[in-house]
Structures are given as structure tokens and as C-alpha cells.
Amino acid sequence: MGGEALRERIVAEARAWIGTPYLHRASLKGEGADCLGLVRGVWRATIGAEPERLPAYTPDWAEATLAEQLAGAGIRHLVPVAPEAARPGDVLLFRWRAHLPAKHAAILVAPERMVHAHDGAAVAEVAFAPWWRRRHAYAFAFPGA
């Protein structure tokens, strides 16, 4: 499966995670996930086995290392897309401040909607609003999408 059918599956799978409680480093639908865990879970459900072992990371990993580790993983395993060209089914990465690495991930599920794991709450579908657009740093397509 590829192309638009894969994108539709990615969107449906991301939405199936809605309501999963936020849990740092977790990636189990209905049980717990952080933003990367959501992307990892959608990958497993639509692509297959995860491409690399997840290293240990703390909630302040981006501030501590100042390295674009999340974007680097995207470059290794996903297909880079110009941020303004992101389509439903693509992974979006955000940076909280201009001088910090991207450290939050979401999946675009409609041109103006995204699904992400919200720290302190749960996986939710939210508007891809101007607040998010100002922080949007990278976009990636899943392989074959």
C-alpha cells in the first residue's frame, strides 16, 4: 500500500490514538504515549517494525543537548517535505523557541487539523492554528506516502 491509501491509513491510525493518556517515553495506544510515541505507534501500525531503537531521553532533552535529534531521526527514516507543503498524513515538528531544537511532533490529519500527544493531558486532535504554525519547523512524509 502506498500513496493516498497509505496517507488515509496514517490519518485514521493517528485519530485512533485520540484519548490515549500522555506518558513520557510511552507508545501504547489507549495506555500511554508522548508525542514521539504517537508517531512511533502510527509507524508500527502503517509501515511495520520501528527502524531504530529509541534512546533514553528526559523531558528536557532538547534544551540539554541543543542538537536537532528529532529532525535528524526524521531525515534518517522519513521523507523531508517543505513545511508549507505538508499534507494530511505528514509528521510535523515544532520548536518552542527559535534558538532551540524542534522537540514536539504531531501528525497532520486535515489541512487545518493535527493530532498530537499533549503533555499533562492526552492525545488530541486540535486546530493547526497560527500559534502552531509560527513554531512549525519541519515536515516529513512517511515512506511510500
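The structure this text deals with has already been given above.
Keep in mind that what you see is a predicted model, and the values were worked out from it rather than measured.

Quick notes on the rules
Within any chain, residue numbers begin from 1 and follow the written order of that chain's sequence. For a predicted model such as this one, the threshold for reporting local features is a pLDDT of at least 70, and the threshold for listing and counting side-chain atom pairs is 80 or more; totals across whole chains, interfaces and linings nevertheless cover every residue. Only hydrogens and water are removed before side-chain values are computed, so all heavy atoms of the structure are retained for them. For two strands to pair, DSSP has to find at least two bridges joining them. Elements are defined by DSSP. Helices are runs of H or I of four residues or more, strands are runs of E of two residues or more, and each kind is numbered from the N terminus. Axis geometry follows a simple rule: fit a line to the C-alpha atoms, using only the stretch in contact for helices, then measure angles between N-to-C directions, giving values from 0 to 180 degrees. A contact between two residues is defined here by any heavy atoms of the two lying within 4.5 Å.

Asker: Whenever I open this one, the sheet that holds strand S5 (residues 104-110) confuses me. Can you help?
Answerer: Strand order in this open sheet of 6 strands is S3-S8-S4-S5-S6-S7, and the pairing throughout is antiparallel. Each edge of the open sheet carries a strand with a single partner, namely strand S3 (79-81) and strand S7 (123-127). Going from strand to strand, the sheet's axes swing by 35° on average, the running direction of each strand aside. The pairing of strand S4 (residues 91-94) with S5 spans 4 bridges and is antiparallel. Directly across from Phe94, in S5, lies its bridge partner His104. Each of S5, strand S6 (113-117), S7 and strand S8 (136-141) is contacted by helix H1 (residues 3-16), which is oriented at about 115° to S5, the strand it contacts most. Strand contacts of helix H4 (residues 69-77): S4, S5 and S8, with the helix running at about 25° to S8, the strand carrying the most contacts.

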